[in-house]
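# A structural walkthrough
The residues making up each chain are set out below.
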Amino acid sequence: MFFRTTERRIAVIGGGEQAAQKTRLLLKTDGEIVLFAPEIDAELKAVVDEGRAIWDQSPMRPDLLGDAVLVFVATGCPGADASYHALAKAAGCIVNVVDQPHLCDIITPSIVDRDPLVVAIGSEGTAPVLARQTKTRVEELLDPSLGGLAAFAGRMRGAVAQRVPREGRRAFWRWVFADAPRRAWVRGRERDAIALVKGAIDAGGAPPSAGEGVLSFITMATPERDLLTLRAVERLQNADVIFYDATVNTDALELARRDAERVLLGTDGAAMVLAAAQEGQSVVWLQTVPTPAHEAEARAAGITVEVLPVVSE
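Before going further, it helps to spend a moment on the overall build of the protein chain. Secondary structure summary: the protein chain contains eleven helices and twelve strands in total. The C-alpha radius of gyration of the protein chain comes to 25 Å, more than 25% above the 20 Å expected for a compact globule of 313 residues. Expressed as lengths along the three principal axes of its C-alpha atoms, the size of the protein chain is roughly 75 × 45 × 30 Å. When the 313 residues of the protein chain are sorted by exposure, 39% land in the buried category. Taking contacts inside the protein chain between residues at least 6 apart in sequence as the whole, the part at least 24 apart equals 58%. Total accessible area computed for the protein chain in this model is approximately 17,300 Å², and 52% of it derives from carbon and sulfur atoms. Put simply, the protein chain has 34 plus and 42 minus side-chain charges, and the middle of one group is 5 Å from the middle of the other.

Let us look at the sheet that holds strand S11 (residues 282–287). What the five strands build is an open sheet, ordered S10-S9-S11-S8-S12; its pairing is parallel. Each of the sheet's edge strands pairs with one partner strand only, and the pair in question is strand S10 (261–264) and strand S12 (304–307). Taking the axes of each pair of neighbouring strands and ignoring which way they run, one obtains an average angle of 20° across the sheet. As defined by bridge partners, strand S9 (residues 241–244) adjoins S10 across four bridges and the pair is classed as parallel. Its bridge partner lying in S10, Tyr 244 is registered against Leu 264.

Listed in full, the buried residues belonging to helix H1 (residues 17–26) are Ala 19, Ala 20, Lys 22, Thr 23 and Leu 26. The buried residues of H1 all sit within an arc of 165° when viewed along its axis, so they share a single face.

Let us now look at the nonpolar core. Core analysis: the biggest nonpolar cluster contains 22 residues, and Phe 172 and Val 176 have the highest contact counts within it. Contributions of two or more residues to this core are made by helix H4 (128–141), helix H5 (146–163), helix H6 (166–178), helix H7 (180–186) and helix H8 (190–202). It is H5 that contributes the most residues to this core, six residues altogether. Discounting chain neighbours no more than four positions away, the residues touching Phe 172 are Val 160, Val 164, Val 197, Ala 200, Ile 201, Gly 205 and Ala 206. Ranked by size, the runner-up nonpolar core spans 19 residues in total, among them Leu 35, Leu 44, Phe 72 and Ile 106.

What follows deals with the layout of surface pockets. Volume-wise, the largest pocket comes out at about 1,600 Å³. Looking at the largest pocket, it is lined by 37 residues, and the ones nearest its centre are Arg 174, Phe 177, Ala 178, Arg 182 and Asn 238. Counting only elements with at least two residues in the lining of the largest pocket, the list comes to H5, H6, strand S8 (214–219), helix H9 (230–238), S11 and S12. Here the lining of the largest pocket gets seven residues from one element, more than from any other, and that element is H6.

Attention shifts here to the packing of H5 against H8. The relative placement of two packed helices comes down to the angle between their axes together with the axis-to-axis distance. Where H5 meets H8, the closest approach of the two axes is 9 Å, and the angle between their N-to-C directions is 15°. Classed by the angle they form, the pair H5 and H8 counts as roughly parallel. Considering only the axes of H5 and H8, their crossing is right-handed. When H5 is examined against H8, the residues Phe 152, Met 156, Ala 159, Val 160 and Arg 163 are found in contact with a partner set consisting of Ile 194, Val 197, Lys 198, Ile 201 and Asp 202. Among the residues forming the contact of H5 with H8, the class breakdown is seven nonpolar, no polar and three charged.

Cis peptide bonds are those with omega within 30 degrees of zero, and the linkage from Asp 115 to Pro 116 qualifies with 10°. Relative to the helices and strands, Pro 116 is located in the loop between strand S6 (110–114) and strand S7 (117–121). With a phi close to 60°, Glu 7 is a non-glycine residue in the positive phi region. Along the chain, the position of Glu 7 falls in the segment before strand S1 (9–13). With phi around 65°, Asp 99 is a residue other than glycine that occupies positive phi space.

So, on to the packing of aromatic side chains. For the structure on display, the rule yields five aromatic pairs. Between Phe 172 and Trp 173, the ring centres sit 5.0 Å apart and the planes meet at 80°, which makes this aromatic pair edge-to-face. By relative accessible area, which is 0% here, Phe 172 ends up buried. Feature note: the residues Phe 172, Trp 173, Trp 175 and Phe 177 constitute an aromatic cluster, connected by ring pairs.

Right, let's talk about the packing of H6 against H8 for a bit. Put simply, H6 and H8 touch, their axes get as near as 11 Å, and they point 165° apart. Looking at the two axes, H6 sits roughly antiparallel to H8. Regarding H6 and H8, the two cross each other, and that crossing is right-handed. Along its contact with H6, which presents Phe 172, Trp 175 and Val 176, the element H8 presents Leu 196, Val 197, Ala 200 and Ile 201. Each residue belonging to the contact of H6 with H8 can be placed in one class, and the counts come to seven nonpolar, no polar and no charged.

About the thresholds
- Residues numbered from 1 in each chain as written.
- Predicted model: local features only at pLDDT ≥ 70, side-chain atom pairs only at ≥ 80, totals over all residues.
- Heavy atoms only, no water.
- Helix = DSSP H or I, 4+ residues; strand = E, 2+ residues; numbered from the N terminus.
- Rg over C-alpha atoms; globule rule 2.2 N^0.38 Å.
- Buried < 20%, exposed > 50% of the residue type's maximum accessible area, 1.4 Å probe, protein only.
- Contact = heavy atoms within 4.5 Å.
- Areas by Shrake-Rupley, 256 points an atom, 1.4 Å probe, with all protein chains shown as cover.
- Lys, Arg positive; Asp, Glu negative; His and termini not counted.
- Charge placed at Lys NZ, Arg CZ, Asp CG, Glu CD.
- Pairing = 2+ DSSP bridges.
- Axes fitted to C-alpha atoms, helices over the stretch in contact; angles between N-to-C directions.
- Arc of directions from axis to C-beta.
- Core = buried A, V, L, I, M, F, W, Y, C linked by side-chain atoms within 4.5 Å.
- 1 Å grid on protein atoms, 1.4 Å probe; cavity = no way out; pocket = protein on both sides within 12 Å on 5 of 7 lines; lining within 4 Å.
- Points joined across faces, edges and corners; volume = space filled by probe spheres on them.
- Parallel < 35°, antiparallel > 145°, perpendicular 65-115°, else oblique.
- Left-handed = near helix turned anticlockwise from the far one by under 90°.
- Nonpolar A, V, L, I, M, F, W, Y, C, P; charged D, E, K, R; others polar.
- Phe/Tyr/Trp six-rings, centres within 6.5 Å; stacked < 30°, edge-to-face > 60°.

In structure tokens:
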């Protein structure tokens, strides 16, 4: 869950290293940070002097926290932390207490920051080392420049809404983030990427080849969804519509994007699948047995066909 912090107060109770660690994280938000402590260390004092946080030395009481969207308790003393937790709860706040998960309403995750793209990785406090290892893997997957592309896309959303028809917008954004604009951006050719995107907006949508329907056949010879290939998972997450046979383990659908249409096929469902792909949609057909005849029929109809490797033990 992501909290909107614009023009809202975030309280940090404590003035030492633990409080500084939380403050470093909170400085990435646009919330108003308030430090509650009789004394604060040099790092926090510098943050206050720069006008990036407020220091309140008042004795702590619940009414001081009443308008805080979040409260972080980080004094470094377990007994004091428990007392401040009780005060914050009396004020009706959502609370995080450092290193005391049993007192936490929320747990701060490991973060991969490609502002404004943020990936949060948590283990409910049970395996922080594993969370950090996962963070490292995700850091390697996401080019450091992607945040800039996401920010540019955000600035263009109004223009896209005005000039690209609603039915073509998903294909447009898929092209931006998976095709030529992204490739140019991560290679350091931001101006080329911007020109491609603006040109496509002026033209009313992504280039014709980007809007062509794609039909991906995924055969699940075994019901375990964790045996799906990475490419198969990617296709499920990008699909507009997913057709699946009655014999398919529907647990695999949990890997699909939430707003994808899902259709259980009957014995004569092939025509429905082909029609969806011919409309320019990204289509997945989940099967338990390969169907070469349907693959050939789709190709004969001019549909781009992808047959993913059979998933088996």
